[in-house]
Amino acid sequence: MQNSIFKDWTVSKWLLNIVLIAVCVYALSYSVNFIFAIGYVAMLIVHEIGHIVAALNYRCEVRFGGFTPFGAYIQIYNHTSTKQTAIIALCGPFFGFLSSLGFLGLAYVLQDTTYLWLCFFAAVVSVMNLMPLHPFDGGKVICGTFPTFPLILVPFLGYGVYLTYKSDPDMSYMYIALIIYVIWNVWKMKKDSKYKALFRLDKAMNIQIFSFYIAMIVLLIGLIVVLLETFGSTLWPNFQEMQIPNFLQGLF
Ligand SMILES: [Zn+2]
């Protein structure tokens, strides 16, 4: 067990994680169904496996950090180069994309809409993970490659302020807060990338990694659009039947 990803796991850490998974499975079984609950946990694990496989490939000392109420995380005990950090970060959402395709296959074979939901969710969660901001995986990719890229979000958020400042001031404050958050992110990433000067990527590698990042976003959004176009009418009535809390329904 010397190199196990569970090295240093104490009994209480195991118990805490088992309880967290049990609560998650129970809550999702109750609000959606048991298959969705198990599939959701499997989706989180597959995402982390993506990071772990990439990290082990670079011979990093890597540990599974455990589950949190929002997902799971890993810890790496080496100084990884900018390139390694970016590839390790990208492999999580990439495995998420693969799990999404896997769920799509299961939906075909088993003819169960729950797997379609899991497929849709895995794609949405993966694309959210590629958000070019801390603490998302996308932030880790962007920090070393193109730290000013998140500024692309500012005009969209600014448009949000413009649309809501009269009708819904609370919403417009949220957009303003997000703009500040984006600018803070860029400032911090620029600062961090200065410290990483030692590992600065050459231009070709920088473009390669950034292109891979953009390609993954396009691929995932493409999958989401195809799913909605093809199965929207199957998914939606099904969605309304689920006992999902109202505040979550509002997200869709
Ligand atoms: Zn991740």
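The rules we used
- Residues numbered from 1 in each chain as written.
- Predicted model: local features only at pLDDT ≥ 70, side-chain atom pairs only at ≥ 80, totals over all residues.
- Helix = DSSP H or I, 4+ residues; strand = E, 2+ residues; numbered from the N terminus.
- Buried ≥ 20, exposed ≤ 12 C-beta atoms within 10 Å, placed from the backbone.
- Contact = placed C-beta atoms within 7 Å.
- Axes fitted to C-alpha atoms, helices over the stretch in contact; angles between N-to-C directions.
- Parallel < 35°, antiparallel > 145°, perpendicular 65-115°, else oblique.
- Left-handed = near helix turned anticlockwise from the far one by under 90°.
- Nonpolar A, V, L, I, M, F, W, Y, C, P; charged D, E, K, R; others polar.
- Expected span 1.5 Å × (residues − 1).
- Bend = angle between axes of the 7 residues up to and from the residue.

**Quick look at the overall build of the protein chain**
Counting secondary structure elements, the protein chain contains 9 helices and 2 strands. In the protein chain, the order of α-helices and β-strands from amino to carboxyl end is α-α-β-β-α-α-α-α-α-α-α. Going through the 252 residues of the protein chain one by one, you find that 28% of them count as buried. Considering only intrachain contacts with a sequence separation of at least 6, the fraction spanning at least 24 residues in the protein chain is 67%.

**Quick word on helix α5 (residues 137–145)**
Because an α-helix packs 3.6 residues into every turn, residues spaced three or four apart end up facing the same way. Most of α5 sits out of view: 9 of its 9 residues are buried. Buried residues of α5: D137, G138, G139, K140, V141, I142, C143, G144 and T145, and no others.

**Quick look at the packing of helix α1 (residues 11–31) against helix α2 (residues 34–57)**
Remark: α1 packs on α2, axes separated minimally by 7 Å, with the N-to-C direction vectors making an angle of 140 degrees. Between α1 and α2, the angle is such that the two are oblique. Remark: the crossing between α1 and α2 carries right-handed chirality. Residues I21, C24, V25, L28 and S29 of α1 pack against F34, F36, A37, I38, Y40 and V41 of α2. Considering only residue class, the contact of α1 with α2 consists of 10 nonpolar, 1 polar and no charged.

**Side note on the packing of α2 against helix α3 (residues 82–110)**
Contact geometry for α2 and α3: axes closest at 7 Å, N-to-C directions at 140 degrees. In this view, α2 runs oblique relative to α3, as classed from their interaxial angle. Classified by chirality, the crossing of α3 by α2 is right-handed. Only I87, I88, C91, G92, F94, F95, G96, S99 and F103 of α3 make contact with α2, whose side of the interface consists of G39, M43, V46, H47, E48, I49, G50, H51, V53, A54 and A55. For the contact of α2 with α3, the class distribution of residues is 12 nonpolar, 7 polar and 1 charged.

**Examining the environment of T164**
Note on placement: T164 falls in helix α6 (residues 153–164). Assessed through the 16 C-beta atoms surrounding it within 10 Å, T164 is described here as partly exposed. Each C-alpha atom of the pair T164 and Y175 lies 9.0 Å from the other, and the pair is 11 residues apart in sequence. Filtering out sequence-adjacent residues up to four positions away, T164 remains in contact with M171, S172 and Y175.

**Some remarks on unusual backbone geometry**
Between H134 and P135 the backbone carries a cis peptide bond, its omega angle lying at 0 degrees. Tracing the backbone shows P135 in the loop between α4 (113–129) and α5. A positive phi is found at D8, a non-glycine position, where the angle reads about 75 degrees. When you line up the elements, D8 lands in the segment before α1. The phi dihedral of R59 is positive, around 55 degrees, even though this residue is not glycine.

**Considerations on the environment of G138**
On the secondary structure map, G138 appears in helix α5. For G138, a count of 23 C-beta atoms within 10 Å gives the class buried. For the pair G138 and A89, spaced 49 residues apart in sequence, the C-alpha separation works out to 7.1 Å. Discounting chain neighbours no more than four positions away, the residues touching G138 are N129, L130, M131, P132 and L133.

**A closer look at α3**
With 29 residues, α3 should reach 42 Å at 1.5 Å per residue; the first-to-last C-alpha distance of 42 Å fits that figure. When the local axis directions of α3 are compared, the greatest deviation, roughly 25 degrees, occurs at C91, which is followed within four positions by the proline P93. Just past α3, the residue Q111 takes up positive phi, approximately 50 degrees.

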